[in-house]
Amino acid sequence: MILKVWPWNTQGLLRKMSMLKALAGICFLHLTTIVLLFIAVIDDAWWFTNSLYSDIWGRWVMEHNDEVWVYTDLPSSYRRDYLGAVQAFAVLACMFLVFSLFAFIYQVFMLEKGERFTITGVLQLIACFCLMVALSVYTDHFHRGETDGWYGYSYILAWLAWLLALLTGVLYIILKKKME
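Rules used in this analysis
- Residues numbered from 1 in each chain as written.
- Predicted model: local features only at pLDDT ≥ 70, side-chain atom pairs only at ≥ 80, totals over all residues.
- Heavy atoms only, no water.
- Axes fitted to C-alpha atoms, helices over the stretch in contact; angles between N-to-C directions.
- Helix = DSSP H or I, 4+ residues; strand = E, 2+ residues; numbered from the N terminus.
- Parallel < 35°, antiparallel > 145°, perpendicular 65-115°, else oblique.
- Left-handed = near helix turned anticlockwise from the far one by under 90°.
- Nonpolar A, V, L, I, M, F, W, Y, C, P; charged D, E, K, R; others polar.
- Pairing = 2+ DSSP bridges.
- Phe/Tyr/Trp six-rings, centres within 6.5 Å; stacked < 30°, edge-to-face > 60°.
- Buried < 20%, exposed > 50% of the residue type's maximum accessible area, 1.4 Å probe, protein only.
- Patch = residues over 30% accessible without salt bridge, like charges linked within 9 Å, V, L, I, M, F, W, Y side chains within 5 Å.
- Areas by Shrake-Rupley, 256 points an atom, 1.4 Å probe, with all protein chains shown as cover.
- Salt bridge = Lys/Arg side-chain N within 4 Å of Asp/Glu carboxyl O.
- Expected span 1.5 Å × (residues − 1).
- Core = buried A, V, L, I, M, F, W, Y, C linked by side-chain atoms within 4.5 Å.
- Contact = heavy atoms within 4.5 Å.

A. The arrangement of the packing of helix H2 (residues 80-110) against helix H3 (residues 118-141) in detail. Interaxial distance between H2 and H3 falls to 8 Å at its minimum, and their mutual angle equals 160 degrees. Considering the angle they form, H2 stands roughly antiparallel to H3. Handedness of the H2/H3 crossing: left-handed. Partitioning the contact of H2 with H3 into residue classes produces 21 nonpolar, six polar and no charged.

B. Fine view of the pairing of strand E3 (residues 59-63). Pairing geometry for strand E2 (residues 52-54) and E3, over three bridges, is antiparallel. When the bridges of E3 are listed, Ser54 appears paired with Arg59. The loop that links E2 with its antiparallel partner E3 comprises four residues. Pairing of E3 with strand E4 (residues 68-72), which is carried by five bridges, proceeds in the antiparallel orientation. Considered in E4, the bridge of Val61 is made with Val70.

C. Region of interest: the sheet that holds E3. One open sheet accounts for five strands, arranged E4-E3-E2-E1-E5; its pairing is antiparallel. Pairing within the sheet leaves two strands with one partner each, and these edge strands are E4 and strand E5 (150-151). Here strand E1 (residues 47-48) pairs with E5 via two bridges, running antiparallel. Bridging across to E5, Trp47 finds its partner in Tyr151.

D. Fine view of the packing of aromatic side chains. Applying the stated criterion across every chain, the model contains 16 aromatic pairs. Both rings, one in Tyr138 and one in Phe142, keep their centres 5.3 Å apart while their planes meet at 35 degrees; by these two values the pair is tilted. In this structure Tyr138 comes out as buried when scored by relative accessible area, which is 1%. When its relative accessible area of 2% is taken as the criterion, Phe142 is described as buried. Pairwise contacts between aromatic rings join Trp46, Trp47, Tyr138, Phe142, Tyr151 and Tyr155 into one cluster.

E. Looking closely at a nonpolar patch on the surface. A cluster of nonpolar side chains, Trp57, Tyr71, Val91, Leu92, Met95, Phe99, Phe102, Ile105, Tyr106, Phe109 and Met110, forms an exposed patch at the surface whose accessible area comes to about 1,200 Å². In this structure Met95 comes out as partly exposed when scored by relative accessible area, which is 38%.

F. Structural view of helix H4 (residues 153-174). Along its 22 residues, H4 runs 31 Å from first to last C-alpha, staying within 8% of the 32 Å computed at 1.5 Å per residue. Inspection of H4 places Ser154, Tyr155, Leu157, Ala158, Ala161, Trp162, Leu164, Ala165, Thr168, Gly169 and Tyr172 among the buried residues, and these make up the whole buried set.

G. Molecular detail of the nonpolar core. Among the nonpolar cores identified, the biggest contains 35 residues, and Leu37, Trp46, Ile56, Val86, Leu131, Leu135 and Tyr138 are the most heavily contacted of them. For this core, the secondary-structure elements that each account for two or more residues are helix H1 (10-42), H2, H3 and H4. Discounting chain neighbours no more than four positions away, the residues touching Leu135 are Trp46, Tyr155, Ala158, Trp159 and Trp162. Within the second largest apolar cluster, nine residues are counted, among which are Met19, Val108, Leu111 and Tyr172.

See below:
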């Protein structure tokens, strides 16, 4: 004799709850990726020295050691074509991450049971590719010969956002919709 404690089917409920947890977890990773990338692209902490810090949009220079920071344009030694490529691909990565979030929300409600989140995964991987191009060009063409500086936290956050975009892109492609 089997004693039933619950009058309803707990197996189906547990499966639905595990799918909801998976969707919530991957959505949290997706939102974290977007926030990290927006902070990295907007904030001005890609490269530091003792007297300046810069990003992909401009730089701040300390004037005459009086602890006054002045915003200046990026130096003319930066090749404008490489700089434009870094800026364009960083903005494209932000856009594709946001588009993939909207595609995910659409697919959660419109996909049939058993289908994959392919569109969301492909958009996420395109964002990952754009971010990788921006970071690779920045790494290769800027601050190459400079020995007195170091990469800032925005640069590191951008690489972390790249890793999370790659992870979530692969997860979206693998993930199948299992709940009704």
